[in-house]
Structure formats: structure tokens, C-alpha cells
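Fold and contact review
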Amino acid sequence: MGHTRLGALPRTRAWRDVVQLIAAGADTAQVAEATIRAAEKSFSFVQDDCGYNHAVWLLTQLGLAGRSSDPVGYLREHGVNIPENSSITEVVVGLSEALDNATYQEITRSDLGDLAQRALCDAVVTRMEPKLQQQSLFDTRADDIKAALSDFSKEKEFAHLSREFYSRLTCESMNYFLSRTLATHLGDGQRFATMNQMAEFDNALETHCREASKIVEQYSGEWFSLHVYQEHGAISRDSVQGFASWALKKINDELRVGANANGH
């Protein structure tokens, strides 16, 4: 059992380019593209990271659970311990514990696996919460939770859930590498004279990551429907890992294209 801390990026030329771009006032697309290049080595093993891969597997199980007449029971059978009369909080706790249990004995878990765990939980809350607005989030009826989970089986709703997950994972990964560096550029005579200016940059970076995640949205829904059909209602681990690898590559490619499209 072990946990890989990525820590700060090494003082490579690519990372020095990132720092120089921030200091020179470059926009979010430039900084994001340069960060992807600088972090390429750190991201290279994420496709084998058990935390990331299990998060994507749980993402697909949420879609498959929605096809069941008993979504909560289906998730329990697949390692997500959710009480019968659950709240959205208990759904998230169940997902988080399922990820912890699945990765506890693994040697390839890393900080990026933790980022994927948070991204999945946040994505589920974001997609389910509006459907439960008529009820207290801590006092929902079992039928409300089951109905909200059932929606994930729909091609369009699974696509939205997948995009939300990758949007948050991309943004969390960017913040992981950039947060400490951005803080050193705060103050008089620096890139960010005030906390508000740095917050505006953070918000713009989040928007940029969300726009880049659009590339996975439609494909995710189509991929889910196709594999449910081809694999007779159950999607294999190999298929899910293939999807997980594809989605990461497309996000990285899109971040690079975004910078080029802006003329950089």
C-alpha cells in the first residue's frame, strides 16, 4: 500500500515557462496549455492510477444503476453502501467510501486519485441537487433519491454527469499545480495586486476548464448507450478503462487547441 504525492513540479524549462507566463500577464488559455505541457510527466501515469480508474468505473455504475428498478440496491451490490432511505449526503459518502475501499491496498494510488474522488462526488451533487430542490437535502424521500439516480441512465443525463466530472477533475488538477505559484504573484508590483484579481483569474481558469470539458460530453452519452447495448446491460472494466484513457487525452488535446485558437 502506498500513496504517491506529486508535490510541486520540478524546475524544468517547461515549468519556468509557466511561471514566466503568469508573471507576464498571460491569459488562462496560455497558462493552462503551458501547465499541461509542464505536468505531462506527472499526468503520464494517471491512466494507470487505480483511484482515477475506479472513479470512472463508479461513474458508469451510476448510469447502470439508473437502469435498474432498484438503483440503490444495484449500487450496494457493486460496493457503494447506501442506506435504503438515504439522502444525497449519504449517496456521496457511499461513493467516497467505495473509492477508499477499492484503493486502500493498491500501490498506484496518487494525489490525482484523490482529485478524481472529489470530482466524482462534486459532480453527483451538482447533477442531483436541482432535482431534489423541493425537498430538504437531508430529509429526502427514498423515492426522490431513486428517481434522481434513475435519470443517470439516460444518454443525455449521463453525458452531463460525465462532463461535470471531467470539468471538475481538470480544474482541480490545474489548481493542484498552480495554487502555490499563483500565491507568489500576489501583492504590489506583482501579477495580482489584490486577492480579487487572483480570484478573477481562478474563476476564468475554472471557466476555461469547463469549456474544454465540452469535448467529452456528447461522446460520453453515445459511448454509454452503445456499450450498454453491445455488452447487454453491463459494461466491462476493460471498456471503462478505454473510455477513461480516451477522455483524458481529449481533455489535454482540447486545452492545447484552446490556446492555439486564441492565437498563442
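Because the structure is predicted, anything quoted here is derived from the model rather than measured.

1. Considering the overall build of the chain
- A count of helices and strands for the chain gives 12 helices and two strands.
- Helices and strands in the chain line up, N terminus first, as β-α-α-α-α-α-α-β-α-α-α-α-α-α.
- Scored against the burial criterion, the 264 residues of the chain give a buried share of 48%.
- In the chain, the proportion of contacts linking residues at least 24 apart, taken out of those at least 6 apart, comes to 75%.
- A total of about 12,800 Å² of accessible surface is found on the chain, and carbon and sulfur atoms cover 47% of it.

2. A closer look at the nonpolar core
- The biggest cluster of nonpolar side chains holds 71 residues, and the ones touching the most others in it are Y52, L62, M128, F165 and Y166.
- Ranked by residues supplied to this core, first place goes to helix 9 (residues 155-183) with 11 residues.
- Once you skip the residues sitting within four places of it in the chain, Y166 turns out to touch Y52, V56, S213, V216, F243, A244, A247 and I251.

3. Digging into the pattern of salt bridges
- All chains considered together, the criterion is met by 13 salt bridges.
- Here D151 ties to K131 by a salt bridge, and the two come within 3.5 Å at their closest N and O atoms. Of this pair, D151 sits in the loop between helix 8 (142-150) and helix 9 while K131 sits in the loop between helix 7 (111-128) and helix 8, placing them 20 residues apart in sequence.
- Sharing partners across several salt bridges, the network here consists of R127, K131, D151, K154 and E157.

4. Observations regarding the environment of V216
- You can see V216 is positioned in helix 11 (residues 214-230).
- Sequence separation between V216 and W246 is 30 residues, and the spatial gap between their C-alpha atoms is 9.1 Å.
- Apart from residues lying up to four places away in sequence, V216 is in contact with R163, Y166, W246, A247 and I251.

5. Section: the packing of aromatic side chains
- Evaluated as defined, the whole model comprises nine aromatic pairs.
- Taking 6.5 Å as the distance between ring centres and 20 degrees as the angle between the ring planes, the aromatic pair formed by F243 and W246 counts as stacked. Separated by three residues within a single helix, F243 and W246 lie in helix 12 (residues 237-261), roughly one turn from each other.
- Put simply, the rings of F165, Y166, Y219, W223, F243 and W246 touch in pairs and so form one group of aromatic residues.
- The ring of W57 carries R237 above its face, with NZ or CZ at 3.8 Å from the centroid.

6. Digging into the packing of helix 7 against helix 9
- With their axes 8 Å apart at the nearest point, helix 7 and helix 9 run at an angle of 140 degrees to one another. Classified by the angle between their axes, helix 7 and helix 9 sit oblique to one another. Helix-helix and strand crossings are classified by hand; for helix 7 and helix 9 the assignment is right-handed. Listed contacts from helix 9 to D111, L112, L115, A116, R118, A119, L120, D122, A123, V124, T126 and R127 of helix 7 are E157, H160, L161, E164, F165, R168, L169, E172, S173 and Y176.
- Looking at the contact of helix 7 with helix 9 residue by residue, the class counts come to 11 nonpolar, three polar and eight charged.

7. Looking at helix 2 (residues 28-38)
- Judged by how many residues are buried, helix 2 sits mostly within the fold: nine of 11 residues are covered.
- For helix 2, the complete set of buried residues consists of T28, A29, V31, A32, E33, A34, T35, I36 and A38.
- Two to three positions downstream of the cap, the backbone nitrogen of A29 sits 3.2 Å from a side-chain oxygen, assigning the N-cap of helix 2 to D27.

Quick notes on the rules
Position numbers for residues start from 1 in each chain and track the written sequence from start to end. Under the rules for a predicted model, residues below a pLDDT of 70 receive no local features and side-chain atom pairs below 80 are neither given nor counted, while totals for whole chains, interfaces and linings still include all residues. The side-chain figures draw on all heavy atoms in the structure; neither hydrogens nor water molecules are used. Note on conventions: DSSP H or I runs of at least 4 residues are helices, E runs of at least 2 residues are strands, and numbering of each starts at the N terminus. Burial here depends on accessible area, computed with a 1.4 Å probe over protein chains only, as a share of the maximum for the residue type. Under 20% is buried, over 50% is exposed, and the range in between is partly exposed. Throughout, a residue-residue contact means that at least one pair of heavy atoms, one from each residue, lies within 4.5 Å. Surface accessibility follows the Shrake-Rupley procedure with a 1.4 Å probe radius. Residue values consider only the protein chains on display as shielding. Take the buried Ala, Val, Leu, Ile, Met, Phe, Trp, Tyr and Cys residues and link them wherever side-chain atoms come within 4.5 Å; each set so joined is a nonpolar core. A side-chain nitrogen of Lys or Arg and a carboxyl oxygen of Asp or Glu constitute a salt bridge if their distance falls within 4 Å. We call Phe, Tyr and Trp rings a pair once their centres come within 6.5 Å, taking the six-membered ring for Trp, and we label the pair stacked below 30 degrees between planes, edge-to-face above 60, and tilted otherwise. As a reminder, the over-ring test applies to NZ of lysine and CZ of arginine, requiring each to be within 6 Å of the ring centre and within 35 degrees of the ring normal. A fitted line through C-alpha atoms serves as each axis, taken over the contacting stretch for helices, and the angle formed by two N-to-C directions is quoted from 0 to 180°. Oblique is the label for any angle not covered by the other classes, which are roughly parallel (under 35 degrees), roughly antiparallel (over 145) and roughly perpendicular (65 to 115). Crossing handedness follows the turn of the near helix against the far one: under a right angle anticlockwise gives a left-handed crossing, and clockwise gives a right-handed one. Here the term charged refers only to Asp, Glu, Lys and Arg, the term nonpolar to Ala, Val, Leu, Ile, Met, Phe, Trp, Tyr, Cys and Pro, and the term polar to all other amino acids, Gly among them. Pairs of N or O atoms within 3.5 Å make up the polar contacts considered here, provided that, within protein, one atom can donate a hydrogen while the other can accept it, and that residues adjacent in sequence are counted only when both atoms are side-chain atoms.

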